[in-house]
Amino acid sequence: MPESSPRASADYETARRDFRWERPGHFNFATDVIDRHAAERPQAPALQWSDESGRSLCFTFQELKERSLHAARFLTGLGLKRGDRAFILMPRVPEWWFLVLGCIRAGIVFMPGTPMLTAKDIRYRLEAASAKAVLTDSSCLDRFEGVMDVAGVTTWVSTGDAPAPWTRYTSEALAEGQAVAFPPTRAEDPLLIYFTSGTTGMPKMVQHTQASYGQGHLITGRYWLDLRPEDRHLTLSDTGWAKCAWGKLFGPWSEGACNVVYDFRGRFDPVAFLKVLERERVTTFCAPPTAWRALVLQDLKAVDLSSLRHTVSAGEPLNPEVIETWKEATGLFIREGYGQTETVVIVGMFPSLEPRMGSMGKPSPGFTVGVINEQGEEVADGQEGDIAVRVKPERPVGLFHGYLNDDAANAASSRGDWYVTGDRAVRDADGYLWFVGRSDDVIKTSGYRVGPFEVESALLEHPAVAESAVIGVPDDKIGQRIKAYVLLTPGHTASPALAQELQDFVKKTTAPYKYPREIEFVSELPKTVSGKIRRAELRATQKK
Ligand code: ATP
Ligand code: MG
């Protein structure tokens, strides 16, 4: 594992100045990272797993090594070869981690999917990515009933008993000496393919290399999460999202921390979850904004959260109101991290930075992040532009290899010397970045540009608002008029008077031109399966 860089707790400016990407010819997360921890701290806890029924299991780094060796031999024994693609769909069961590490060791390209996918979604993914294998859990078998005819899938693996063509996988330990030799992978060999969240359209297939996610996430684990070997880290995500790679796989294990996993199957229950943080003595915790918004509505004094030393958020912008409430109750600031399935954390409120409410922070060590215009030139501080990562003369290691079979997406994300993220931001004079919105979500009204998030955050400060989604509706006079879909907190009832009150409230909380001219009260907001607000879906329902 490259050891080129100062520790996280080091001053941010020093870390940025001194960090250099190591570019080894060969890299493999299982052999270079997991096996190193197994050699140095064999008995240290690596995976602390528990579920809703109270079952609890702990695996050490030595056990992780042995079980992933067994998984690699099991998969190659079924005929899977380096470069073959395996679609893996499992809830948060320990087998997910053993099989994924087995794939990595053997050079099999794994493609995570969320257990919430339907048969139709699964067929799309298997076909789009030319999958060779399916790895699933007995609880997900029904999802494959209509897709067993997909051409090219030769290997079907489940954790439970199932008739042919399914083969049963049970996790076992395998001593090093019993394993066939897995030749080292090259740093640029393919590691995994993720499907993006599909917030704006069909999910795109993001290809990462052994280095780009396996090595690149040391930025996430070391600098942003600030992990140490004694930490017990929990990221709230299911296994199908890049967030899992960030916070439940590469991030914590890069630094030798314990990965705390709570396996729940139904809806996210904030009360139960707070108890897990208390019981497992979690020290660092990452959740997406949709979960943070639910967590801060609970009685935070009823749980002992004194083990926590860092709390962070990523995936969507986080409303300042939420950060304030959490800080009042726990004393901890929720630090944001910005990135994509395509990247590791590229902008973050790093621990040594002076926190600024509502800002995503500053560019990560190892990345040049610019705010650029259509010509690919950096705009002046205070001006809005596209968030972009400099890829020339050198591409940072923690950036994906490209979209699979999608020339249009590859072309759209490339501009001059930059990779363009598709998000808009402003950089202030001190170098902090302020998220404006996804390019498609930014509203143009009466000559102003308004990010929906600003309006949503203003609304959220009103006690009647639990959550909202703001879009621009085509308007002949002013281009677009601002419309808010509002979900009320319990005890409040929709009425024209309340709509008026909210409008007046926003006019006072933020610049008056940002107030929503239309308010619609709803009982649910459209979200992706990973919990992100789908403003595109709301826009599609609007006519002139
Ligand atoms: P798709 O690309 O399919 O529409 P998606 O972009 O939501 O889906 P992800 O890769 O999961 O898929 O999400 C990355 C996006 O999430 C970023 O481009 C950005 O819009 C948003 N995001 C992530 N972190 C933050 C953050 N801290 N603040 C604001 N937005 C964030
Ligand atoms: Mg995206």
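Every chain's residues receive numbers from 1 upward, in the order its sequence appears when written. The lettering of chains begins at A and the numbering of ligands begins at 1, in the order of writing. Thresholds applied to this predicted model are a pLDDT of at least 70 for local features of residues and 80 or more for the giving and counting of side-chain atom pairs; totals over whole chains, interfaces and linings are not thresholded and use all residues. The side-chain numbers reported here are obtained from all heavy atoms of the structure, hydrogens and water having been left aside.

## Examining the pairing of strand 4 (residues 109-113)
Classification of residues uses two cut-offs on accessible area relative to the type maximum, computed with a 1.4 Å probe and protein chains only: under 20% is buried, over 50% is exposed, and between them is partly exposed. Each helix corresponds to a stretch of at least 4 residues labelled H or I by DSSP, and each strand to a stretch of at least 2 residues labelled E; elements are numbered beginning at the N terminus. Summarising burial for strand 4: five of the five residues are buried, a large majority. On strand 4, burial covers both faces: Val-109, Met-111 and Gly-113 on one face and Phe-110 and Pro-112 on the other are all buried. Sheet topology places strand 3 (residues 85-89) next to strand 4; five bridges connect them, and they run parallel. For Ala-86, the partnering residue across the bridge sits in strand 4 and is Phe-110. Seen with the strands pointing away from the viewer, any crossover whose path from the first strand over the helix to the second strand runs clockwise is right-handed. In the classification by handedness, the crossover that spans strand 3, the intervening helix 4 (residues 94-106) and the parallel strand 4 is right-handed. For two strands to count as paired, DSSP must find a minimum of two bridges between them.

## Quick word on the packing of aromatic side chains
In summary, the pairing rule links any two rings of Phe, Tyr or Trp, Trp by its six-membered ring, whose centres are within 6.5 Å, and it sorts them by plane angle into stacked for under 30 degrees, edge-to-face for over 60 and tilted for everything else. If you walk through the whole model with that rule in mind, you get 26 aromatic pairs. Note on Tyr-12 and Phe-350: the rings are 5.5 Å apart at their centroids and 25° apart in plane angle, and the pair reads as stacked. Taken as a pair, Tyr-12 in helix 1 (residues 12-18) and Phe-350 in the loop between strand 15 (347-348) and strand 16 (362-363) lie far apart in primary sequence, 338 residues in all. Side by side, Tyr-12 and Phe-350 carry an identical accessibility label, which is buried. Taking the ring centre of Phe-195 as reference, the NZ or CZ of Arg-125 above it sits at 4.9 Å. Sitting over a ring, as applied to charges here, requires NZ of Lys or CZ of Arg to be within 6 Å of the ring centre and within 35 degrees of the ring normal.

## Examining the environment of Pro-288
Looking at the element boundaries, Pro-288 is found in the loop between strand 12 (284-287) and helix 10 (289-295). Taking the C-alpha atoms as reference, Pro-288 lies 16 Å from Val-271; in sequence the two are 17 residues apart.

## Focus on the UniProt feature "domain: AMP-dependent synthetase/ligase" (unreviewed entry) in the protein
In the UniProt entry, the feature "domain: AMP-dependent synthetase/ligase" (unreviewed entry) is given for residues 35-404. In residues 35-404, the share of helix is 27% and the share of strand is 23%. The end C-alpha atoms are 31 Å apart. UniProt positions are given in the numbering used here, feature names are shortened, and annotations may be inferred rather than shown by experiment.

## Here we look at the confidence of the model for the protein
When pLDDT drops low, the exact placement of atoms in the prediction is not to be read closely. Per residue, pLDDT captures the predictor's confidence, and it can take any value from 0 to 100. Overall, the predicted model of the protein reaches an average pLDDT of 94, with 98% of residues at or above 70. pLDDT under 50 marks residues 1-6. Its contacts with residues more than four places away, or in other chains, come to 24 contacts. Interface confidence for the predicted complex, given as ipTM, is 0.99, next to a pTM of 0.93. Should any heavy atoms of two residues lie within 4.5 Å, those residues are counted as being in contact.

## Considerations on the sheet that holds strand 11 (residues 258-263)
In space, the nine strands of this open sheet follow the order 2-1-11-10-12-13-14-15-16, with mixed pairing throughout. Of all strands in the sheet, those with a lone pairing partner are strand 2 (56-60) and strand 16, marking the two edges. Examined bridge by bridge, strand 13 (residues 310-313) and strand 14 (residues 334-338) share three bridges and lie parallel to one another. When the bridges of strand 14 are listed, Thr-311 appears paired with Ile-334. Where helix 8 (residues 242-254) meets the sheet, its contacts fall on strand 1 (45-51), strand 10 (232-235), strand 11, strand 12 and strand 14, and the angle it forms with strand 11 comes to roughly 145°. Between the N-to-C directions of two axes lies an angle of 0 to 180 degrees, each axis being a line fitted to C-alpha atoms and, for a helix, fitted only over the stretch in contact.

## Some points on the site of ligand 1
Whether a residue is near a molecule or strand depends on its heavy atoms: if one lies within 4 Å, it is near. Looking at ligand 1, there are 21 residues lining it, with Thr-196, Thr-199, Thr-200, Thr-341 and Asp-423 nearest. Here an oxygen atom of ligand 1 and a side-chain polar atom of Ser-197 are 2.7 Å apart. Between ligand 1 and Thr-341 there is a distance of 2.5 Å, counted from an oxygen atom to a side-chain nitrogen or oxygen. Contact with the protein chains hides 94% of the accessible area of ligand 1, taken as 640 Å² for the molecule alone. A per-element tally of the shell around ligand 1 places strand 14 first, with three residues. Pairs of N or O atoms are called polar contacts if they sit within 3.5 Å, as long as, within protein, a hydrogen donor faces a hydrogen acceptor (for residues adjacent in sequence, only side-chain-to-side-chain pairs). The method behind every accessible area is Shrake-Rupley, applied with a 1.4 Å probe, and residues are considered shielded solely by the protein chains displayed.

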